[in-house]
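# Tertiary structure, described
Letter by letter, the chains look like this.
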Amino acid sequence: MEEEQQTFVSKARTAFHSAAAKAERVLLDFKSDREDHDKQSSPNTFTGQQPEAESPHTDENDSKLHSESKHIKWRPPHLGIKQDWQDKIKNIRRGRKEVEDTDKVGDASMAIPFYDDNLYLLNVKNDLEAKASEAMPSVEGLTAATKDPIPPSSVLKQLAIAVEAGSKAKSMKDVIASPGGSSPARERAGLSLSAVKALVLREKEDKLTSEFTSNEKVVQLINSLFDPEGDFLRRKIDSNLEETAMTSLPRDIHGAPPESLVVKLAEILGNYKTLRKMALFWCRVVAELRKLWFEEQYLPGVPQDEIPDLKSCLLYQQFQVINCCISRKRFRIIATESLDSMMMQANSDIKESTDCSAEASASPVLYARLNSGELVLRLGADHPAGDMTLLETGEPVYSPITQEGPLLTEDLIRETEEFVLRTGSVGAGCSQLLSDMQAFKAANPGCILEDFVRWHSPPDWTDNEASTEDSDVFDSGEPLSARGQLSRRMQKEGNLWRELWETSKPVPAVKQAPLFDEDLAVEGILNAFEEMHPSDLFGQLFVSLLGLGFGIAEPMLSGNSDFSKLFYDCKEYIITACQNNKLNEKVDGLVQVYETVEKMLLNPEEALKMIKQTEESTTVTGEPRSPFKRLSLIFGGKDKLLRKSVSKDQTNDEEKSGRQSFSSFFDSKSSLFGKKPPKSGSPSPSEKSSIDTGWPVV
Amino acid sequence: MDSSSGHQEFDYLFKLLMIGDSGVGKSSLLLSFTSDAFEDLSPTIGVDFKVKYVMMGGKKLKLAIWDTAGQERFRTLTSSYYRGAQGIIMVYDVTRRDTFTNLSEIWAKEIDLYSTNQDCIKMLVGNKLDKDGDRVVTKKEGIDFAREYGCLFIECSAKTRVNVQQCFEELVLKILDTPSLIAEGSKGVKKNIFKDRPPQSDASASSCC
């Protein structure tokens with residue numbers, strides 16, 4: 001004991017000379033230590049070390065997490081349990097040993113900060129681990145939740161919190177890289193103390209990140225989410241409902257179809273308690289997407305071969321592109337193998353022909369005979385084009401296998417359009433036309449431009465038999481053997497079609513340079529996922545989950561005479577709100593509207609009371625109109641709400657009117673559309689409890 | 001309707017889209033509107049566009065008008081340009097019944113599939129009025145279709161320029177009468193990313209790969 005104390009004093013003196021700031025801290029510690037020593041009370045000496053050691057960090061790092069840590073540390077001494085006290089002594093002793101080890105390395109100036117960091121980090125880690133084990137969502141937990149008719153409003157609320165919190169972050173990486181307790185310290189990067197702490201914390205965070213991604217529950221969630229069977233998170237959706245109504249709502253609010261991958265992802269992420277864990281899970285999802293793309297496996301819960309649906313959210317469009325690109329790659333492989341085997345068969349046929357002096361077999365290899373009598377292999381022929389025959393050779397016309405155009409999501413369409421407007425370039429059409437010409441030439445040896453036009457642009461060809469009638473149009477089912485002529489506009493000098501035709505070579509589609517590079521497109525999407533702004537991601541997930549809840553609730557409430565009116569008013573509100581661009585400002589209101597629908601389903605008696613209560617209050621105040629009519633005016637008047645963008649004054653009026661009406665409708669004391677949910681005056685204690693539970697961000 | 005050229009400040013930016021079968025005169029109609037000229041233009045390859053400034057209701061408007069190829073092979077390419085259009089012009093040829101039939105068979109369905117703007121104004125245009133002697137689609141048929149489909153209707157001739165200005169004017173007036181579209185038009189102005197297309201001696205020519 002005495003020896004240790006002497007060592008500590010010696011270190012204090014050494015540190016005193018190194019830096020002014022550190023000397024000041026050491027001096028304070030030295031004085032406190034001497035006071036304790038004067039008292040000559042052993043237990044008090046060790047207890048007193050803690051607050052002194054922590055005080056510098058309190059000044060530098062004033063945060064909730066730190067306060068919680070400090071609070072936790074102070075609790076054991078007050079309990080007065082001897083065992084706890086002895087444990088504390090052991091911890092301090094262990095910390096001191098580490099300090100001694102550092103001293104041996106020869107860097108005495110690091111002694112005190114490292115000593116402090118160890119205690120701090122120990123508590124941070126313990127805290128995080130405890131919370132992780134308690135709050136981590138699991139496959140079992142989420143599966144059990146699907147017994148509820150619609151996703152719980154707490155899940156939607158968590159996504160709303162993420163939307164708002166995410167809008168303050170710069171990127172998803174920032175969310176992951178900034179643990180709650182140390183951001184103030186980072187601002188003082190110049191100080192070696194803070195720098196050391198940041199380095200140590202980063203190492204710890206890397207460890208925590210890898211721990212998260214390898215956590216058993218996370219792995220199970222990923223596997224269930226991407227299970228091709230797709231049974232995970234499936235709810236009963238009333239099949240009696242008109243399909244139009246079920247599919248139209250997600251598109252009206254720019255969400256995603258029910259039971260799609262986006263909606264399931266939204267439900268999982270909404271169950272995590274911290275923004276950082278949400279971000280970590282998203283990165284885990286992106287890694288899985290990369291793996292599926294590499295293995296050319298389809299994403300479940302997304303159509304396999306549909307072009308992007310521009311009325312769904314961008315995330316869903318991007319998932320559609322990934323699956324569509326997988327389909328295209330698979331098709332190209334099959335088509336290439338088919339073409340290659342056909343060519344080998346043709347070579348084999350030639351040998352047989354030479355050896356046996358027999359005519360070449362007509363099947364499965366396709367030939368076209370030129371006027372010179374020569375047989376030429378058809379490459380990339382798909383199917384006969386009706387009864388059309390080539391004008392010069394009389395051979396049947398085959399439609400070629402053609403390349404498909406680009407798969408554009410809404411953001412890429414906007415970029416393309418702006419590019420075209422800015423540069424005047426309309427090259428995309430020419431590229432496709434040239435590709436079609438080359439494929440047509442490969443499939444139809446001996447063809448001329450007129451043959452291509454008859455196939456590609458029938459209105460530009462006039463048959464000779466009907467030459468007296470300019471407006472006659474080629475009918476693909478009608479035999480066509482007589483010559484005709486191109487339209488006047490197609491015969492025009494300088495026509496780009498003829499120039500392209502002269503340029504084109506006979507090359508089948510699968511051998512051409514791709515018009516659309518699938519690898520490049522998907523790589524762009526996956527990179528965008530990694531760099532996606534948090535509010536963009538969580539905003540789309542929020543809207544998608546909102547659409548699912550309303551879609552499921554509609555058949556249950558539309559026939560209910562008590563609630564159908566209120567439900568459709570709520571639905572109209574969310575459609576109008578989601579069609580505006582300022583989602584961040586509306587998530588609170590949307591959550592409360594969702595809670596209203598949830599209450600109508602789970603607590604119909606209570607919801608009925610609230611409706612009657614509102615009616616009574618309306619009668620008392622002498623309002624001439626019923627609450628339903630006023631709600632209809634608010635919700636039904638899309639023009640009024642959308643006019644907000646045009647006139648700020650009108651916006652304010654509408655907001656006031658809406659807020660007041662909803663306030664009187666549910667409870668005169670609370671404002672439904674306030675920025676924060678009502679914390680007092682709530683008619684239901686359970687509701688208040690629910691709100692309190694959902695709001696804190698840990 | 002006053003018109004001006006060159007890079008200008010403007011109050012609203014609207015996107016218009018022209019669709020319809022190949023050969024009905026979409027490109028000629030657009031050229032007639034923007035240049036007061038008529039040409040027998042080569043078939044459009046993919047998409048083309050023209051920009052026109054107009055004064056209407058005391059406001060200066062910038063119109064970005066997209067002209068699409070009507071051939072089926074170009075349909076995937078042109079489907080991208082429906083996004084965000086405030087006005088869509090559906091064109092048919094009064095001397096070819098199939099171009100009128102395809103309005104409901106093809107083009108109305110394309111609008112339902114690809115248009116992302118629920119409030120967009122649609123206009124039905126019967127072109128080639130100058131060939132009235134060869135007419136096979138009556139004006140009444142056009143009116144009935146427009147009424148049933150909920151869109152504006154006009155017959156015109158790109159060649160003689162009859163009703164060409166009125167066609168676009170009616171469409172834009174209707175857009176200006178729709179608050180949600182006005183809001184979108186204002187939003188486009190803030191970005192102000194668009195620049196005028198450089199003038200070309202031959203409007204039908206286009207640079208490409």
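In this report, the structure presented in the accompanying data block is examined. As the structure is a computational prediction, the values presented were derived from the model and not from experiment.

Time to look at the overall build of chain B. Of the regular secondary structure elements, chain B holds 6 helices and 7 strands. Ordered by position from N to C terminus, the α and β elements of chain B give β-β-α-β-β-α-β-α-β-α-β-α-α. Every one of the 209 residues in chain B was classed for burial, and the buried ones make up 57%. Partitioning the contacts of chain B with sequence separation of at least 6, the portion at a separation of at least 24 is 77%.

Each aromatic ring pair is specified by the distance between its two centres and by the angle formed by the two planes. Evaluation of the coordinates by the stated rule reveals 20 aromatic pairs over all chains. Ring plane angle 50 degrees and centroid distance 5.9 Å describe the contact between Phe212 of chain A and Tyr272 of chain A, whose orientation is recorded as tilted. Of this pair, Phe212 of chain A sits in helix α11 (residues 192-213) while Tyr272 of chain A sits in the loop between α14 (261-269) and α15 (275-294), placing them 60 residues apart in sequence. There is no split in this pair, since Phe212 of chain A and Tyr272 of chain A are both buried. When the ring of Phe49 of chain B is compared with that of Trp66 of chain B, the centres are 5.3 Å apart and the planes differ by 40 degrees; the resulting orientation is tilted. With Phe49 of chain B in strand β3 (residues 47-56) and Trp66 of chain B in strand β4 (residues 59-68), this pair connects stretches of sequence that are 17 residues apart. Take Phe49 of chain B: its relative accessible area is 0%, and that puts it in the buried class. One aromatic cluster in this structure is built from Phe440, Phe452, Trp455 and Trp501 of chain A. Lys441 of chain A extends its terminal NZ or CZ atom over the ring of Trp501 of chain A, reaching a point 4.5 Å from the ring centre. Stacked on the ring of Trp461 of chain A, the Lys or Arg Arg454 of chain A has its end atom at 5.8 Å from the ring centre.

Right, let's get into the packing of helix α18 (residues 427-443) of chain A against helix α19 (residues 449-456) of chain A. All names here are of chain A. Two elements in contact, α18 and α19, have axes whose closest approach is 11 Å; the angle formed by their N-to-C orientations is 115 degrees. When the axis of α18 is compared with that of α19, the two are roughly perpendicular. Judged by the twist between their axes, the crossing of α18 over α19 is right-handed. The segment α18 lies against α19, with Leu433, Asp436, Met437 and Phe440 engaging Leu449, Asp451, Phe452, Trp455 and His456.

In this section: the side chain of His456 of chain A. One can find His456 of chain A in helix α19. Note on His456 of chain A: relative accessible area 4%, which makes it buried. Ignoring any residue separated from it by four or fewer positions in sequence, one finds His456 of chain A in contact with Leu433, Asp436 and Trp497 of chain A together with Gln71, Arg73 and Phe74 of chain B.

With that settled, consider the nonpolar core. Core analysis: the largest hydrophobic core is formed by 94 residues, its most contacted members being Phe281, Phe529 and Phe542 of chain A. Apart from the residues lying within four places of it in its own chain, the contact partners of Phe542 of chain A are Leu156, Leu159, Ala160, Val163, Val587, Leu590 and Val591 of chain A.

What follows covers unusual backbone geometry. In the Ramachandran plot, Leu233 of chain A falls in the positive-phi region, its phi being about 60 degrees despite a non-glycine side chain. For Leu233 of chain A, the position within the fold is in the loop between α12 (216-225) and α13 (243-252). Positive phi, close to 65 degrees, is recorded for Asn163 of chain B, a residue that is not glycine. If you trace the backbone, Asn163 of chain B turns up in the loop between β7 (152-155) and α5 (164-176).

What counts and what doesn't
Residues numbered from 1 in each chain as written. Chains lettered and ligands numbered in written order. Predicted model: local features only at pLDDT ≥ 70, side-chain atom pairs only at ≥ 80, totals over all residues. Heavy atoms only, no water. Helix = DSSP H or I, 4+ residues; strand = E, 2+ residues; numbered from the N terminus. Buried < 20%, exposed > 50% of the residue type's maximum accessible area, 1.4 Å probe, protein only. Contact = heavy atoms within 4.5 Å. Phe/Tyr/Trp six-rings, centres within 6.5 Å; stacked < 30°, edge-to-face > 60°. Lys NZ or Arg CZ within 6 Å of the ring centre and 35° of its normal. Axes fitted to C-alpha atoms, helices over the stretch in contact; angles between N-to-C directions. Parallel < 35°, antiparallel > 145°, perpendicular 65-115°, else oblique. Left-handed = near helix turned anticlockwise from the far one by under 90°. Core = buried A, V, L, I, M, F, W, Y, C linked by side-chain atoms within 4.5 Å.

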